[in-house]
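Chain by chain, the residues run as shown.
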Amino acid sequence: MVPVFPTRHAMVADASLKSTTAMGVVITFGFIGLALSSPLFGAIAGGDPTALKTGLLVLPVASLIMILVNLALRPLLARAHERRELVES
């Protein structure tokens, strides 16, 4: 999940005019995800240690969802960036 951290921060900073508030929300959800991910892996794997592979499938699935959301939001991010340039000029 290392590439996710700088990617989500860069996306939020580019898209938001109030980047401090948005960045705080992103960081908060990041810590929530960190706290919930290990129990989620364990719950999916169950009591069987060999089923941990199934629990760890959450990582590629979450990465795929993030890629799809990023691609879907790209036009909105571009418009927000254009508005930001208009406001600053």
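A few points on the structure. Predicted model, so just to flag it, every value in this text is computed and none were measured.

**Focus: the environment of I27**
- With respect to the helices and strands, the residue I27 is situated in helix α2 (residues 19-45).
- Taking the relative accessible area as the measure of exposure, I27 reaches 34% and is therefore partly exposed.
- On a C-alpha basis, the gap between I27 and R8 in space is 9.3 Å, while along the polypeptide they are 19 residues apart.

**Examining a nonpolar patch on the surface**
- On the surface, V61, I65, V69, L73 and L76 cluster together into a nonpolar patch covering about 410 Å² of accessible area.
- Looking at where L76 falls in the secondary structure, it is placed in helix α4 (residues 58-88).

**Comments concerning the packing of α2 against α4**
- It is at 14 Å that the axes of α2 and α4 come closest, and there the two elements cross at 170°. In terms of orientation, α2 lies roughly antiparallel with respect to α4. On α4, the residues touching S19, L40, F41 and I44 of α2 are V58, L59 and R84.
- Tallied by class, residues from the contact of α2 with α4 come to 5 nonpolar, 1 polar and 1 charged.

**Considering the environment of M23**
- The topology assignment puts M23 in helix α2.
- Owing to a relative accessible area of 19%, M23 belongs among the buried residues under this scheme.
- Apart from residues lying up to four places away in sequence, M23 is in contact with H9, V12 and A13.

Conventions and cut-offs
Residues numbered from 1 in each chain as written. Predicted model: local features only at pLDDT ≥ 70, side-chain atom pairs only at ≥ 80, totals over all residues. Heavy atoms only, no water. Helix = DSSP H or I, 4+ residues; strand = E, 2+ residues; numbered from the N terminus. Buried < 20%, exposed > 50% of the residue type's maximum accessible area, 1.4 Å probe, protein only. Patch = residues over 30% accessible without salt bridge, like charges linked within 9 Å, V, L, I, M, F, W, Y side chains within 5 Å. Areas by Shrake-Rupley, 256 points an atom, 1.4 Å probe, with all protein chains shown as cover. Salt bridge = Lys/Arg side-chain N within 4 Å of Asp/Glu carboxyl O. Axes fitted to C-alpha atoms, helices over the stretch in contact; angles between N-to-C directions. Parallel < 35°, antiparallel > 145°, perpendicular 65-115°, else oblique. Contact = heavy atoms within 4.5 Å. Nonpolar A, V, L, I, M, F, W, Y, C, P; charged D, E, K, R; others polar.

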